[in-house]
Amino acid sequence: MRSIARGLGLGSAAMALTALTALAWPGAAGAAPAGTASLYAPSALVLSVAAGEDADAGTVLRAVTLVCAPTPGGTHPDPDAACAELRAYSPELDALAAPAPDTACTREWNPMTVRADGVWEGQRMSYTYTFGNPCGLESATGALFTF
């Protein structure tokens, strides 16, 4: 009987010490984020340019991140312009892939595929477009894939 009482006493002391540590340790007691609600739907994308016809199988040449809410940011060189284009053209981003009117590119087949993958205004987004060659990509009118 004495060993059971001693075991209960040690167990209670261990539980009390754990509770005290959780309350005293910085950040441990309030580990769950409080007040994380936002007025903005999440908008964060990974943009990439890959060599080849398929974004999954091609070689990724470069990639950036783009965050549009609550303020434009990320590693994109011009997040303000890219977010403005997304607001104006989503979900039909093919308009951004249209070549500039005075563009003269060769007709060689050297495909380049762009991809936008992530969340746009709270909705899942996955967009790909394949240009015939690097000139087609460089002559596109949009700023979204200009990085």
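If you're wondering where the values come from, they're calculated on a predicted model, not measured in any experiment.

Calculation notes
- Along each chain, numbering runs from 1 in the same order as the chain's sequence is written.
- Whole-chain, interface and lining totals are the exception, using all residues; otherwise, since this is a predicted model, local features are given only for residues with pLDDT of at least 70 and side-chain atom pairs are given and counted only at 80 or more.
- Where side-chain values are given, they derive from all heavy atoms of the structure, hydrogens and water being excluded.
- Here a pair means two rings of Phe, Tyr or Trp (six-membered ring of Trp) with centres within 6.5 Å. Their orientation is stacked below 30 degrees between planes, edge-to-face above 60, and tilted elsewhere.
- In this text, helices come from DSSP runs of H or I with a minimum length of four residues, and strands from runs of E with a minimum of two, each type numbered from the N-terminal end.
- Buried, partly exposed and exposed residues are distinguished by accessible area as a fraction of the type maximum, computed with a 1.4 Å probe on protein chains only: under 20%, between the cut-offs, and over 50%, respectively.
- Two limits define a charge over a ring: the Lys NZ or Arg CZ must be within 6 Å of the ring centre, and within 35 degrees of the ring normal.
- The definition of a polar contact used here is a pair of N or O atoms within 3.5 Å, where within protein one atom must be able to donate a hydrogen and the other to accept one, and adjacent residues in sequence count solely through side-chain atom pairs.
- Note on contacts: a residue pair qualifies if any of its non-hydrogen atoms lie within 4.5 Å across the two residues.
- We call a set of buried Ala, Val, Leu, Ile, Met, Phe, Trp, Tyr and Cys residues a nonpolar core when their side-chain atoms join them within 4.5 Å.

(A) Representation of the packing of aromatic side chains within the structure. Within the structure shown, the criterion is met by two aromatic pairs. Between tyrosine 127 and phenylalanine 145 the ring centres are 6.4 Å apart and the planes differ by 25°, which places this aromatic pair in the stacked class. Of this pair, tyrosine 127 sits in strand E5 (residues 123-131) while phenylalanine 145 sits in the segment after helix H3 (134-138), and the two are 18 residues apart along the sequence. Considering the side-chain rings of tyrosine 129 and phenylalanine 131, the 4.9 Å spacing of their centres and the 65° angle between planes classify their relative orientation as edge-to-face. In this structure tyrosine 129 comes out as partly exposed when scored by relative accessible area, which is 28%. Overall, phenylalanine 131 belongs to the buried group, its relative accessible area being 6%. A cation sits over an aromatic face here: arginine 62 above phenylalanine 147, 6.0 Å from the ring centre.

(B) Spotlight on the side chain of histidine 76. Its place among the elements puts histidine 76 in the loop between strand E3 (73-74) and helix H2 (79-89). In this structure the side chain of histidine 76 is engaged in a polar contact, spanning 3.0 Å, whose partner is the backbone nitrogen of aspartate 78. Setting aside residues up to four positions removed in sequence, histidine 76 forms contacts with Leu47, Val64, Thr65, Leu66, Ala82, Ala143, Leu144, Thr146 and Phe147.

(C) Focus on the nonpolar core. By size, the foremost hydrophobic cluster in this structure holds 24 residues, and its most contacted members are Leu47, Leu66, Leu86, Leu93, Leu144 and Phe145. Listing elements by their share of this core, those giving two or more residues are strand E1 (44-51), strand E2 (59-67), H2, strand E4 (112-120) and E5. Residue contributions to this core peak at four residues, all from E4. Beyond its immediate sequence surroundings of up to four residues, phenylalanine 145 is in contact with Leu47, Ser48, Val114, Arg115, Ala116, Tyr127 and Leu137.

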